[in-house]
Amino acid sequence: MSGIRQFQGKVFPLNRENVDTDQIIPKQFLKKIDRQGFGQYLFYHWRFNDDGSPNNNFSLNDEKYQGATILVGGDNFGCGSSREHAPWSLLDYGFQVIIAPSFADIFYNNCVKNGILPIRLGQTEVEVLLEKASNSNFDLAVDLEEQTVSDGHGFKSSFDIDPYWKQMLMNGWDEISITLSYEDKIKQYELLR
């Protein structure tokens, strides 16, 4: 994974609470076990009509949100089952950062483990971001080192993140790469046995 230190991107507002993992990636698309190819199924039942044509009433299909890399959502984002495919589909679609007032714990952890930065901001701050992104093309700058989110036009907020998760994201590590960083010590131990 590539690390995240400073990031700037277009915002997609998803003003819905309790977005669960089945809405993020429906169960019928969970047959693959590799991480690629899930972006096409992201929010499938919202993005597409029954005949497979794009649903023009779902804002992610609006051209102004094409190329969005930051998703701002409502409270309890990622609730429901613990499927890791949900962050895989968000990342494969292009989202690198997700901002919400709260996240389901397992979803939050799965995001970090897969290279997505989940940011908790207060309800009022999220509402400001949702409104700004709904009214025009809107970019945000995220500084993970400083733990800030800003728009360059007066909005700036700080966020908390566990230092361990922060280091993982900044360095582009997953848990396997952390284990492999101890490969020399593991080999030394095995030689002693």
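Residues numbered from 1 in each chain as written. Predicted model: local features only at pLDDT ≥ 70, side-chain atom pairs only at ≥ 80, totals over all residues. Heavy atoms only, no water.

A. Quick peek at the overall build of the protein chain. Looking only at helices and strands, the protein chain features eight helices and seven strands. By the compact-globule yardstick of 16 Å for 193 residues, the protein chain fits well, its C-alpha radius of gyration being 18 Å. Taking the principal axes of the C-alpha coordinates as reference, the protein chain spans close to 65 × 45 × 25 Å. Contacts in the protein chain between residues at least 24 apart in sequence constitute 66% of all its contacts with a sequence separation of at least 6. Working note: accessible area of the protein chain is about 10,300 Å², and carbon and sulfur atoms make up 46% of it. Positive and negative side-chain charges of the protein chain, numbering 18 and 27 respectively, have mean locations separated by a distance of 5 Å. (Helix = DSSP H or I, 4+ residues; strand = E, 2+ residues; numbered from the N terminus. Rg over C-alpha atoms; globule rule 2.2 N^0.38 Å. Contact = heavy atoms within 4.5 Å. Areas by Shrake-Rupley, 256 points an atom, 1.4 Å probe, with all protein chains shown as cover. Lys, Arg positive; Asp, Glu negative; His and termini not counted. Charge placed at Lys NZ, Arg CZ, Asp CG, Glu CD.)

B. Looking closely at helix 4 (residues 105–113). When we look at burial in helix 4, the residues that qualify are Phe107, Tyr108, Asn110, Cys111 and Val112. Structurally, helix 4 contributes buried residues whose contacts are with helix 1 (21–24), helix 3 (85–93), strand 3 (97–100), strand 4 (117–120) and helix 6 (163–171). (Buried < 20%, exposed > 50% of the residue type's maximum accessible area, 1.4 Å probe, protein only.)

C. The arrangement of the nonpolar core in detail. Counting residues in each nonpolar core, the largest one holds 57 residues, and the members touching the most others are Phe43, Phe77, Leu90, Ile99, Phe107 and Leu117. Leaving out residues up to four positions away in the same chain, Ile99 has contacts with Ile70, Leu71, Val72, Gly73, Ile119, Leu121, Val126, Leu129, Leu140 and Val149. (Core = buried A, V, L, I, M, F, W, Y, C linked by side-chain atoms within 4.5 Å.)

D. Focus on the pairing of strand 2 (residues 70–73). Along strand 2, one buried face is formed by Ile70 and Val72 and the opposite face, lined by Leu71 and Gly73, is buried too. Sheet topology note: the strand 1 (residues 6–14)/strand 2 ladder contains four bridges and is parallel. Looking at the pairing, Val11 lines up with Ile70 of strand 2. In this structure, strand 2 lies alongside strand 3, joined through three bridges in parallel fashion. Bridged to Ile70 within strand 3 is Val97. With helix 3 bridging strand 2 and the parallel strand 3, this β-α-β connection has right-handed handedness. (Pairing = 2+ DSSP bridges. Right-handed = clockwise from strand over helix to strand, strands pointing away.)

E. Seen up close, the packing of aromatic side chains. By the definition in use, this model includes 17 aromatic pairs. When the ring of Trp46 is compared with that of Phe58, the centres are 5.7 Å apart and the planes differ by 45 degrees; the resulting orientation is tilted. In this pair, Trp46 is assigned in helix 2 (residues 44–47) and Phe58 in the loop between helix 2 and strand 2, connecting sequence segments 12 residues apart. In this pair, the class of Trp46 matches that of Phe58, namely buried. For the ring pair Phe77 and Phe103, a centre distance of 6.4 Å and an interplane angle of 80 degrees mean the geometry is edge-to-face. Here Phe77, found in the loop between strand 2 and helix 3, pairs with Phe103, found in the loop between strand 3 and helix 4; they are 26 residues apart in sequence, far enough to count as distant. According to the relative accessible area criterion, Phe103 is buried, its value standing at 6%. Connected via pairs of aromatic rings, a cluster forms that spans Phe12, Phe43, Trp46, Phe58, Tyr65, Tyr93 and Phe95. Cation over ring: Arg16 sits above Trp46, and NZ or CZ is 4.1 Å from the ring centre. (Phe/Tyr/Trp six-rings, centres within 6.5 Å; stacked < 30°, edge-to-face > 60°. Lys NZ or Arg CZ within 6 Å of the ring centre and 35° of its normal.)

F. Seen up close, the pattern of salt bridges. In this structure the tally under the stated criterion is five salt bridges. Taking the shortest distance from any N to any O, the salt bridge between Lys113 and Glu175 comes out at 3.7 Å. One end of the pair, Lys113, is in helix 4; the other, Glu175, is in helix 7 (residues 175–180), with 62 residues separating them in the sequence. On the basis of relative accessibility, which here comes to 26%, the residue Lys113 falls in the partly exposed class. Judged by relative accessible area, which is 39%, Glu175 ranks as partly exposed. Here Glu183 and Lys187 are joined by a salt bridge, their closest N and O atoms 3.6 Å apart. (Salt bridge = Lys/Arg side-chain N within 4 Å of Asp/Glu carboxyl O.)

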